[in-house]
Amino acid sequence: MSTLPTPPTLDLEVEGMTCASCVRRVETALGKVPGVAQASVNLATRRAHVTLSAEGADPGALVAAVEKRGYQARLISRESPAAGGEAEEDAVAGRRFLLALALTLPVFLIEMGGHLIPALHHAIHSRIDPQWLAWAEFALATAVLAGPGRTFFTRGFRALRHLGPDMNTLVALGAGSAWLYSTLVTVAPALFPDTARHLYFEAAAVVATLILLGRWLEARARGRAGSAIRHLIGLQPRTAWARRDGDWIELQIDALAVGDEVRVRPGEKIPVDGAVLEGESWVDESMITGEPMPVARRAGDRLIGGTLNTQGSLVMRATQVGADTVLAHIIRLVEQTQGAKLPIQRLVDRVTGWFVPAVMVLAVLAFLGWLLWGPEPRLTHALIAGVAVLIIACPCAMGLATPISIMVATGRAAGLGIVFRQGDALQRLRNVRVAAFDKTGTLTVGRPALSDAQPLDGSLDCPTLLAAVASVQSASEHPIAHALLDAARTESLPLSPVEGFEALTGAGVRGRVDGHDWLLGNEPLMRNSGVPVEAGVTARIQALAGQGKTVFLAARDGRLAGILGVADSLRPGAREAIDRLHALGLKTALITGDHTAAAQAVAGELGIDIVHAQTLPEHKAEILRGLQRDAGTLAFVGDGINDAPALATADVGIAIGQGTDVAIESADVVLMNEDLNSVARAIALSRLTLRNIGQNLFWAFAYNAALIPVAAGALYPFTGLQLSPMLGAAAMALSSVFVVINALRLKWLPLENQHG
């Protein structure tokens, strides 16, 4: 949006992060590398987005800084975006859990089975010596902790060594304390009084197994949350038929270059971006735009890589390949947005940065409190309380609460043809109170056609007037110029060369044709240029503008020569889109350079609340600032090409575009499908997402606030019960799974009736 150069950035894939404390630690490590301006780490996507300062930073130094903190890092290249290793992560987590489960079940049956089934207890203890059972439990629990649970200790103590304890540290200290205490009781029972000779091997093994189960479920759910990226990457075909020396040969997609001629047969995907050279077909672009109906494509029309050729055979010329295609752009944008950190998440990260050390202090206090003042057996009570606090307070759910919701929401948005360029736009959209629209090319289709041509000079007839103004406009790229040229071609009128052409921004054009000086533009331009406009002409202008037409005047050699009207049809669904915004509680505004009567006609037909007409481009930003002062947070919807100042001024800039580079670079949000209803969908999705994040954060923080005192033994004086570390592990694992499952609801929750 800004004209300032975009600072260079790098992305890293980071492995080994398990909680919000890990995020904080990796961000701190990256931030200390020389040349790093800012680092943002996302737990759900396992990615670090690094913004570099002017002098830049060595990528190797970034990787080394992360690895020094005990994590693995890999630089993600622009050409090969991260495809996500969710499937492999899911498989590894599943294997670890199943192995731990197989080793833990016998321990659980030996210790806990007797409480559930007394006959089982008698059968086991009547046949096997209790000391041998203790050694069997020791062997199995040790295998669990040293095998599938080894990562808790390797990562946990490494983090502790770097003075940055994390979730793994809590689990390692909790399960490790239970294992160590039980081992000492098994090896040297004489060290403990009879009342304290309890074994907690089953607690250590079950805690590790339950947390491994939670990680497996979390990995599976996170894989589903990241399905949007995998779907987009899956749209890219692997091979294409290209012309080489007159023959068609099948090549890997990476071998294609700009300018190559490529053949696309019916049922094949368009391999890269390009333009049709030969043939006609219907192309299904729904995977990019979200629009279900195929569109006709013929010679000269643009093709988007990844879309599906449904019928005819096409020959196309490649215009963008590899990382420059629209699909590659979208993949990068979705990845960046999924890895973005909303303002609310930064606050969460600051809190959780201190959370783990605070939990460790609480666990020590709980242990000492029970050891000094608790009932007998004090050591047993103290151990249970300390371990339970360590286990139950792992901040996994806190770290996942925000990023997993963003991940799901942006994936759903991409499927609807809505691409977020800025991650925090997802949060800002929730507070939008006014949606302001440009007219031409936004509320209208942007392809105006000549509707009226009225000569005002007796020496001119309609064909002569039209030929002259079309000749002047032949040097312009404005949509109205195209309408005049199309009308002249339809009438087969000859055009003359134009001399001294000048575009008058927001007002009109001037030029010399066949020895006459022509001035084309609106009524204020005529008056400011000294061309008299009679009252009768003004009345005609108002009559045409009242019909929703754009009206301009033509003057020849300083005298009015004609009135011309251009009509641009409204976009399909424009009225429905405005109604949906009103249903969301928003006010709507129209800001256009068109005549007041034309603007009022369009606003009246669509039900728009506020109208600002005859607005010069440089004044749009000023009007938007006034609306922001009066009504609050504002979104501006434009075509993403000539509305850059307005898009930059708005709190959220929304570009209606077909994936062009200019549209993608000019706004916070890009609507790939050009469907105005997507504005309301984006706002509704934002409100749903922030509500979902609020639910996740409440669950994560309320869970810890409520259960840490319970784990410390706050209920024991009233109930005589202490929270088992095993139950704490189950609750901790389920809290993370709950957060992920709650976020997944964003995939199918309705987008209607989402009032702010």
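Residues numbered from 1 in each chain as written. Predicted model: local features only at pLDDT ≥ 70, side-chain atom pairs only at ≥ 80, totals over all residues. Heavy atoms only, no water.

## As for the overall build of the protein
And then number 1: Helices and strands together make up the secondary structure of the protein, namely 30 helices and 26 strands.
And then number 2: Looking at the protein residue by residue over its 756 residues, the buried ones come to 53%.
And then number 3: A sequence separation of at least 24 residues applies to 69% of the contacts in the protein between residues at least 6 apart.
And then number 4: Per element, the accessible surface of the protein, about 31700 Å² overall, is 59% carbon and sulfur. (Helix = DSSP H or I, 4+ residues; strand = E, 2+ residues; numbered from the N terminus. Buried < 20%, exposed > 50% of the residue type's maximum accessible area, 1.4 Å probe, protein only. Contact = heavy atoms within 4.5 Å. Areas by Shrake-Rupley, 256 points an atom, 1.4 Å probe, with all protein chains shown as cover.)

## Structural notes on the environment of Gly399
And then number 1: Examined against the element boundaries, Gly399 turns out to sit in helix H15 (residues 396–401).
And then number 2: It is 7.9 Å that separates the C-alpha atoms of Gly399 and Val23, two residues lying 376 residues apart in sequence.

## Things to note about the sheet that holds strand S21 (residues 559–567)
And then number 1: Here six strands make up an open sheet; going across it, the order is S16-S21-S20-S19-S18-S17 and the pairing antiparallel. At either end of the open sheet lies a strand with only one pairing partner, and these are strand S16 (449–455) and strand S17 (498–504). Mean inter-strand twist for the sheet, computed between neighbouring axes without regard to direction, equals 20 degrees.
And then number 2: Of the strand pairs in this sheet, S17 and strand S18 (residues 508–513) are connected by five bridges, and their pairing is antiparallel. (Pairing = 2+ DSSP bridges. Axes fitted to C-alpha atoms, helices over the stretch in contact; angles between N-to-C directions.)

## What about the sheet that holds strand S4 (residues 72–76)?
And then number 1: Ordered by their spatial adjacency, four strands build an open sheet running S2-S3-S1-S4, and the pairing between neighbours is antiparallel. Looking at the sheet topology across the chains shown, the edges are occupied by strand S2 (36–42) and S4. Put simply, the sheet's adjacent strands are angled 25 degrees from each other on average, direction ignored.
And then number 2: Of the pairings in the sheet, the one linking S2 to strand S3 (residues 47–52) comprises six bridges and is antiparallel in character. Each residue of the ladder has a partner; that of Ala39, found in S3, is Val50.

## Some words on unusual backbone geometry
And then number 1: A cis amide bond, omega -10 degrees, links Glu376 with the succeeding residue Pro377.
And then number 2: Topologically, Pro377 is positioned in the loop between helix H13 (343–373) and helix H14 (378–392).
And then number 3: Within the chain, Ser492 stands out as a residue other than glycine whose phi angle is a positive 55 degrees.
And then number 4: Within the secondary structure layout, Ser492 lies in the loop between helix H20 (479–490) and S17.
And then number 5: Taking the relative accessible area as the measure of exposure, Ser492 reaches 63% and is therefore exposed.
And then number 6: Positive phi outside glycine occurs at Asp514, with the angle close to 50 degrees.

## Some thoughts on the pairing of strand S9 (residues 281–284)
The side chains of a regular strand alternate between both faces of the sheet.
And then number 1: Two strands pair when backbone bridges link them, and S9 and strand S10 (residues 295–297) are joined in this way by three bridges, in the antiparallel orientation. Counted as the bridge partner of Ser281 is Arg297 from S10.
And then number 2: Bridge analysis of S9 against strand S12 (residues 308–309) gives two bridges, and the strand direction is antiparallel. Along S12, the bridge assignment pairs Asp284 with Leu308.

## What about the packing of aromatic side chains?
And then number 1: Following the criterion strictly, the structure yields seven aromatic pairs and no others.
And then number 2: Between Phe97 and Trp216, the aromatic rings sit 5.6 Å apart at their centres with planes inclined by 25 degrees, giving stacked as the arrangement. With Phe97 in helix H3 (residues 86–111) and Trp216 in helix H9 (residues 201–225), this residue pair connects regions lying 119 residues apart in the sequence.
And then number 3: Among the aromatic residues, those joined into a ring-pair cluster are Trp135, Phe138, Trp179 and Phe201.
And then number 4: In this structure, Arg263 is placed above the aromatic ring of Trp241, and the distance from its NZ or CZ to the ring centre is 5.8 Å. (Phe/Tyr/Trp six-rings, centres within 6.5 Å; stacked < 30°, edge-to-face > 60°. Lys NZ or Arg CZ within 6 Å of the ring centre and 35° of its normal.)

## Let's talk about helix H7 (residues 150–161)
And then number 1: Under the 1.5 Å per step criterion, the end-to-end length of H7 is 17 Å for twelve residues, consistent within 8% with the ideal 16 Å.
And then number 2: Every buried residue belonging to H7 is among Thr151, Phe152, Gly156 and Ala159, and all of these are buried. Take H7 and look down its axis: the buried residues cluster within an arc of 105 degrees, on one side only. (Expected span 1.5 Å × (residues − 1). Arc of directions from axis to C-beta.)

## Quick look at the UniProt feature "transmembrane region" (unreviewed entry) in the protein
And then number 1: Per the UniProt annotation, the sites labelled "transmembrane region" (unreviewed entry) are residues 97–120, 132–149, 170–192, 198–217, 351–373, 379–402, 697–718 and 724–744.
And then number 2: Strand forms 0% of residues 170–192 and helix 78%; the C-alpha atoms that close the span are 26 Å apart.
And then number 3: Secondary structure content for residues 697–718 is 86% helix and 0% strand, while the C-alpha to C-alpha distance between its ends is 30 Å. (UniProt positions renumbered as here; feature names shortened; annotations may be inferred.)

## Section: the pattern of salt bridges
And then number 1: Counting across every chain of the model gives 19 salt bridges.
And then number 2: In this structure, Arg527 engages Glu523 in a salt bridge whose closest nitrogen and oxygen atoms are separated by 2.7 Å. On the criterion of helical spacing, the pair formed by Arg527 and Glu523 is a turn pair, its members being four residues apart in helix H21 (residues 523–528).
And then number 3: Several salt bridges share partner residues, and in doing so they unite Arg243, Glu261 and Arg317 into one network. (Salt bridge = Lys/Arg side-chain N within 4 Å of Asp/Glu carboxyl O.)

## Overview of a nonpolar patch on the surface
And then number 1: Taken together, Val364, Leu368, Leu371, Leu372 and Trp373 make up a surface patch of nonpolar side chains, about 510 Å² in accessible area.
And then number 2: The partly exposed category is assigned to Leu368, whose relative accessible area is 38%. (Patch = residues over 30% accessible without salt bridge, like charges linked within 9 Å, V, L, I, M, F, W, Y side chains within 5 Å.)

## Topic: the packing of H7 against helix H8 (residues 167–187)
And then number 1: Their axes nearest at 7 Å, the elements H7 and H8 cross at an angle of 115 degrees. H7 and H8 meet at a crossing whose hand is left-handed. Residue-level contacts link Thr151, Phe152, Phe153, Arg155, Gly156, Phe157, Ala159 and Leu160 of H7 to Asn168, Thr169, Val171, Ala172, Leu173 and Gly176 of H8.
And then number 2: Of the residues that constitute the contact of H7 with H8, the class distribution is eight nonpolar, five polar and one charged. (Left-handed = near helix turned anticlockwise from the far one by under 90°. Nonpolar A, V, L, I, M, F, W, Y, C, P; charged D, E, K, R; others polar.)

## Considering the nonpolar core
And then number 1: Within the largest apolar cluster, 136 residues are counted, with the highest numbers of intra-cluster contacts made by Met17, Leu30, Leu429, Ile654 and Val669.
And then number 2: Leave out the neighbours within four places in its chain, and Leu30 touches Leu12, Val36, Ala39, Val41, Ala48, Val50, Leu62 and Val66.
And then number 3: Listed in part, the 24 residues of the second largest apolar core include Ala470, Leu493, Val513 and Trp518. (Core = buried A, V, L, I, M, F, W, Y, C linked by side-chain atoms within 4.5 Å.)

## Structural notes on the pairing of strand S20 (residues 550–556)
And then number 1: The buried fraction of S20 amounts to seven of the seven residues, a majority that puts the element mostly inside the structure.
And then number 2: Along S20, one buried face is formed by Thr550, Phe552, Ala554 and Arg556 and the opposite face, lined by Val551, Leu553 and Ala555, is buried too.
And then number 3: As paired elements, strand S19 (residues 516–521) and S20 share four bridges and run antiparallel to each other. By the bridge assignment, Leu520 is partnered in S20 with Ala554.
And then number 4: Looking at chain direction, S20 and S21 are connected through seven bridges and run antiparallel. Note that in S21 the partner of Leu553 across the bridge is Ile563.
And then number 5: The antiparallel pairing of S20 with S21 creates a hairpin that spans two residues between the two strands, and Asp557 there sits at a positive phi of about 55 degrees.

## Some thoughts on the side chain of Glu523
And then number 1: Note on Glu523: relative accessible area 13%, which makes it buried.
And then number 2: Side-chain polar atoms of Glu523 contact the side chain of Thr538, separated by 3.1 Å.
And then number 3: Setting aside residues no more than four positions away along its own chain, Glu523 makes contact with Val533, Thr538, Ile541, Leu553 and His595. (Polar contact = N/O pair within 3.5 Å; in protein donor to acceptor, adjacent residues only side chain to side chain.)

## A few points about the environment of Leu450
And then number 1: Along the polypeptide, Leu450 turns up in strand S16.
And then number 2: For Leu450, a relative accessible area of 24% translates into the label partly exposed.
And then number 3: With 37 residues separating them in the primary sequence, Leu450 and Ala487 have C-alpha atoms 6.4 Å apart.
And then number 4: The residues touching Leu450, leaving out its near neighbours within four places in the chain, are Leu466, Ala483, Leu484, Ala487, Leu564, Gly565 and Val566.

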